[in-house]
Every structure is written in C-alpha cells, then in structure tokens.
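Here's the letter readout for the chains.
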Amino acid sequence: MILAEKLLFDLVQTALTELYGLTSKNITFQKTRKEFEGDFTLVTFPFTKDTKKAPELVGKELGEWLLKNNTSISNYNVVKGFLNISLNDAFWLNYFNTVKTNTALGHKLASSSGKTIMLEYSSPNTNKPLHLGHVRNNLLGYSVAQILKANGHKVIKTNIINDRGIHICKSMLAWQKFGKGETPESTGMKGDHLVGKYYVEFDKAYKKQVAELVAKGETKDEAEKNAPLMHEAQEMLRQWEAGNAEVKNLWKTMNSWVYAGFDVTYKNLGVDFDKLYYESDTYILGKEAVQQGLEKGVFYKKENGSVAIDLSQEGLDEKIVLRADGTSVYITQDLGTAIERFKEFPDLQELIYTVGNEQDYHFKVLFKILEKLGYAWAKECSHLSYGMVELPEGKMKSREGTVVDADELLQEMFDTAEATTKELGKVEGFSEEELIELYRMVSLGALKYFILKVDPKKKMMFDPKESIDFNGHTGPFIQYTHARIKSVLRKAETLGMGTGANTDSLTTITPVEKEMVISLYDFAGVLEEAGKTHSPALIANYVYELTKLYNRFYHEYSILKEENQAIRNFRLQVSKACAQMLSNCMDLLGIKVPERM
RNA sequence: GGCACCAUAGUUCAAUGGAUAGAACGGAAGUUUCCUAAACUUCAGAUCUAGGUUCGAUUCCUAGUGGAGCCA
C-alpha cells in the first residue's frame, strides 16, 4: 500500500474502533473530486448499519477525530455520505522532497519478490507483411513487458514465428509459377512485401480456377476443393513435411526474405525479443502430452481414431487434440510448447500470450487442458486478449486489399510529422540526423499513443485519414510538454539557477502546485494497477492527465521570473520531476521524448 | 443453432458500486510586448430499451434490440 492511504487507513481503523467499537471494516479511499475541497475521500454510507448513525454524522465524528489525532491532517468536510480529508502542505512537501531526486520515480527495480514472466507477442505468419492488427499486438506486447519490468518482474519477451503451413506454401507455389526468379534484390522490394505479393497472386489465380470450375457446373464448395492450385499447394506441404530438399530450400529462401523485412519493421516500431521460436521446430511437440493424457484418462480415443477431451462439465465443448490420421491440430502444439517452456525455464512463474480476442475460446480450452493434465502452473498462464482494429469500411481483409500495411503507415506518419514540424518552424539549429530522429520520435509517438491509450480489451476504430492527430490527447502533446520543460530547465541553468537548490524555507504551496505533487504521488498506484491488469491504457491516461495539469501550472505561474527563491526553486524542481515522470511513463509505452521540438 | 464479447456527446476514447458522467477532435468565442501557441481559457453537446438488486447502478443480474467474433 501507498504512503498517504496507509496513513489514513491506519488512522480511520483506530478511529472506528475507538468511536464505535468496530473492527475489520473495509476501508478504501478515493481521490476527492475536483469540485470539492480535500485530497482523499472516505465514503461513510457503508458504516450506517453498524454505527446506527446517519452517514453525515459518522463523517463528522470521524473527521473531528482525525483532525485531533494527527497533525498531518489539515482539514475535513462532509457532504452527504462523503468525508473529504485534506493533508497539509507540509506532508506533501515532505513527500516531494523524498522523491524529487529519484529518477526511477515510482518504478520498482527487479527484485527477489518479482516474478519471472514469459510474454509472447507478435507471432506473425511468414506469408505476408505486417499490418495494423500486428502493430497493435506488437505495441501492446512491448509495453506490457515494460510495465511488468517496472513492477519489479523479470520478463522474457518471446516471438513464435509461424513459418510453416499451407499459407507459406501458397506463396512459394505462386512464386514458382509466376515469379520469374524475382528476388528482393532484383525488384528492390522489401522481402516480406515480395512474398506477400505472391500470396495475393496465388489467391487471384486460385479464384480464377474456382470460377472456371463453377462455370462448368460444379458447386462452389466442390470447386474450391478441386481447384488444381489448391491440390498443388497441399502437395507442396506434404513434400515439405517429407523433407523434400527442393521445397525446403525454396522455403528457407523465401522465409529469409521475410525475416529481413520483418527485422526492418520491428526496428522501425522499436520492439524487440529475447527469444525467437519457430513453428517448424515446435509443430511436432505435443504428441507426447497427448499420449500422457490418454494414459491418465484425461483424453479418450474416439471411434474414428482421433483423440479428444470432453470439457462440457466446464461449459466448453468436446475438443479434438489429435486427428484420426495422427496429425496435430493447433492446440496439440500449443500444449507441447507450453510444457516445453516451463521445462526450458525452471524459474518461470507466469506465461502470457498476446493474441487477438478471436482466440479467446482457444486459450480457455488450452489452459483448461493443461490444468487437467495436472500442471500446477496452468493457472499462471494467461491470454492478453485484445480487440480488433477496425477501419471505417469495416474489418481488414488481406485478400481484399483492405489492410493498412505497417510499413506504409509508418512512412505516412513520418511524412506528416515532417510536414507539421516544418510548418511550425521551431527547429533551427537541428542537424539533418537530428531532424530525422525527431520526425521518427513524433510520428511513432503519435501512432503508439493513439493505439495504447485504448483499453486493450476493447476493439478500436482506426481511420487512417483522421486518426492521427498531433494536437489534444496525443503522444506529441506529451512530447511537446516534455520539450517545453526541458527548455525551461536549460534556461534556468544558463541563468545559474540550479534545480538542486534549497527549498527549506517553503512551508506552503498553492493549490495547483499541490495538485502537481499529488499527481506525481499517484503514479505508483497506477503503475501497480497497470501491471496487474496488463493495461498500458492506464499509464497513457495517467500521463495525459499529468501533462494537462503541468500545462495549466505552466500557464498560471512564472517559474524563472518568480522572485522568491524558495518558490522558484520549488517550481523548477516540480518541473524537473514532471519531465522525468513524462519520460518514464512514455518509456513504459515504448515512446521516446525529445529535448526540443 | 451453441458459446463468449461489445453498446457512453456529431466522432474517437475515459470513469475500483459513489457526489453535478470526464477528455480530445469537430463547432462557437477568446489568450502571444511574458519561461516553446504541437499550448491555455470559456460555451454548447451523451450513459441502446425494459425490468431487478442497492442508501446509491454507466458499472452487478434478467430479458430484448443492435454490432463484431468463435465453434458447428
């Protein structure tokens, strides 16, 4: 628990015992709403039953008791069943003085009490380039990893790459047939885009064949099954599984193009991984687990020879875990890889999968099966489920060309940032490299903030034309405020005003100054909550509120021109701490902040 | 057909069961001899419908409507 709440909690508990003989009541505080005076609010309605007194009276009696028994409490007021409590300036000044020089500001460092957590995210297919949906996944995964680290945990970031299967065979086949030996070098195309081009080519040719068969009188279903291209692709997959050297070589070549392309996109997005897994290595895993499950009686063999588990007791259905022909289904290898990972990392205490919410059911089943197989760690597995990104015209469909490509999006954002920056004309003296760095920072800041400020669980709307703004509730607004503070601090330094100067003579602060200090104080609670709920949105919304507050503070008060030295030093220190906090919070979102912009 | 999810200003997003539902964009009007106007200050504007639980419901429960999804 946190300092001020802890103090109040203990006090109120003692007060309740002394005044009413009550023990072990649930006591929680909330922040006092702006329109009322006070820092923390205790709701006294719940005490009505036990005290047999009106909520107003309980509030008044508790308030009096607190005022009499603790010198940090400066005032109280009661509105209906709400007891608003104010802590005095000395308390908040004291708090600020203890944290102002701490650059970690509320972050916990990796400690023995922290857990070891594996966080899987990104997990692309290798037949096409990354799009907007992947972008949300990547940003979310990276940010949650940052937040968990700041909560004192050790995080292993992993990416499992779906490098095998019918989808990549389609690209390979189309390239063989229509590619004329094209390579990323010969075309100047990014490798993932080149491979994606042939995935689309396959689909076009396939659709044409289907249409021809339908014209000859087949039903659509028959035609889709009978189209020669589909048979060829399936044959290629069989050849791959049989280890055909030619197929394997082509597969390696085309995948290597894709990886080179992904590396560029990942680098541009600013995400990274500690360990990569490839499905070509892991897809065979899990059969052993199925065998064990059969022996334990968790699974059963069906008449047709397939293996299944009945989860109807749990409100889920029967689930096939091995096909009649002995081949795996998705969940087979997911079982295998989970088991493998806990073997590979004996310290592992938690496993988080960052995957879209269309797989909610899949993960429910997966975790339930692991539990039934007797793995105690099954309850430490969780699905970081996020909503779809929707476009104004509806869902993205790669085959219909309605996807927003990640690379194109990043480039457009960069161009907009460049144009806006030039228009504002505040970047005199920047070198060419510094300018590019700034455009990158601002454009990525805008994109990342836009995506991360939304609750991960919810679907979000993305209008490429209108979504990315640089004003208002945006990343650049926060970046701008950081740059602005840094500018003041630079000026202070040239004027010989150190931020470390003494503020001891200061005993009172203004309401907005106090709000700033309390806002900084609030961070620790927000960080903890964000860690528990895996929600970068909480950090994003917190840092936005802090930024708005600072801008109000900045407009209302002079800093450098303030003549009272103690006040001036205090305001400089608040500014410095605020800049540090903005930078720290944005770092949790994977966003960099500039010194100037 | 079964399962789980979502529904808040014109639009995009907030709100551990608490007070007069917050922001941003867009709209209307203001603030630059003053530390960066990518800023600040005003104004107008919303909880899908019907029940229920509660001192109190945007939040929990039931039904309906609408949207997107998974399984078959």
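This text goes with the structure placed above it.
The sections below set out a description of the structure shown in this document. Keep in mind that what you see is a predicted model, and the values were worked out from it rather than measured.

Calculation criteria
Residues numbered from 1 in each chain as written. Chains lettered and ligands numbered in written order. Predicted model: local features only at pLDDT ≥ 70, side-chain atom pairs only at ≥ 80, totals over all residues. Heavy atoms only, no water. Helix = DSSP H or I, 4+ residues; strand = E, 2+ residues; numbered from the N terminus. Buried < 20%, exposed > 50% of the residue type's maximum accessible area, 1.4 Å probe, protein only. Contact = heavy atoms within 4.5 Å. Areas by Shrake-Rupley, 256 points an atom, 1.4 Å probe, with all protein chains shown as cover. Lys, Arg positive; Asp, Glu negative; His and termini not counted. Charge placed at Lys NZ, Arg CZ, Asp CG, Glu CD. Pairing = 2+ DSSP bridges. Near = heavy atom within 4 Å. Polar contact = N/O pair within 3.5 Å; in protein donor to acceptor, adjacent residues only side chain to side chain. 1 Å grid on protein atoms, 1.4 Å probe; cavity = no way out; pocket = protein on both sides within 12 Å on 5 of 7 lines; lining within 4 Å. Points joined across faces, edges and corners; volume = space filled by probe spheres on them. Nonpolar A, V, L, I, M, F, W, Y, C, P; charged D, E, K, R; others polar. Domains from an automatic or database assignment. Salt bridge = Lys/Arg side-chain N within 4 Å of Asp/Glu carboxyl O.

Our next topic: the overall build of chain A. Along the backbone of chain A there are 21 helices and 14 strands. Sorting the 597 residues of chain A into buried and exposed places 51% on the buried side. Of the contacts made within chain A by residues no fewer than 6 positions apart, 73% connect residues no fewer than 24 positions apart. Accessible surface, chain A: about 28,700 Å² in total, of which carbon and sulfur atoms supply 50%. On chain A, the mean spot of the 74 positive side-chain charges and the mean spot of the 81 negative ones are 2 Å from each other.

Here we take up the pairing of strand β12 (residues 381-386). For β12, a buried count of 5 out of 6 residues is recorded, marking the element as mostly surrounded by other parts of the structure. Both strand β11 (residues 350-356) and β12 contribute to a ladder of 6 bridges, which runs parallel. Across the sheet, the residue bridging to T354 is L384, located in β12.

A separate point is the side chain of T503. Here T503 is to be found in the loop between α18 (475-494) and α19 (511-533). Once residues lying within four places of it in the same chain are set aside, the contact partners of T503 are N97, K100, A566, N569, F570 and Q573.

Moving on, we get to the protein's contact with RNA strand B. Taken together, 53 residues surround RNA strand B, and among them F82, K426, Y480, R484 and Y557 come closest. Sugar and phosphate atoms constitute 63% of the interface atoms of RNA strand B, taking the interface as everything within 4 Å of the protein. Here G472 contributes a backbone N or O atom positioned 3.1 Å from a phosphate oxygen of RNA strand B. Measuring from a base nitrogen of RNA strand B, one finds a backbone N or O atom of Y557 at 2.3 Å.

One number sums up the size of the largest pocket: a volume of about 1,200 Å³. Around the largest pocket, the lining is made up of 41 residues, and of these S123, N125, H134, E358 and Q359 lie nearest the centre. Mapped by element, the contributors of at least two residues to the lining of the largest pocket are α5 (132-150), α6 (166-178), α14 (330-344), β11 and α15 (360-372). Considered class by class, the residues forming the lining of the largest pocket number 13 nonpolar, 17 polar and 11 charged. Estimated volume of the second largest pocket: approximately 810 Å³. Lining the second largest pocket we find 25 residues, and of these K31, T32, K34, E515 and I518 sit closest to its centre. Listing elements by their share of the lining of the second largest pocket, those giving two or more residues are β3 (73-79), α19 and α20 (536-556). Per-element tally for the lining of the second largest pocket: the top contributor is α19, with 6 residues. The residue makeup of the lining of the second largest pocket, split by class, is 6 nonpolar, 7 polar and 12 charged. Here the lining of the second largest pocket spans two domains, since at least three of its residues come from each of domain 1 (4-87) and domain 3 (407-588).

Under the criterion given, the structure shown has 28 salt bridges. Measuring nitrogen to oxygen at the nearest pair gives 3.6 Å for the salt bridge that ties E371 to K368. Placement of the pair is E371 and K368 together in helix α15, with a separation of 3 residues, close to one helical turn. We classify E371 as partly exposed; its relative accessible area is 46%. For K368, a relative accessible area of 22% gives the class partly exposed. Each of K190, D192 and D407 takes part in one network of salt bridges that share partners.

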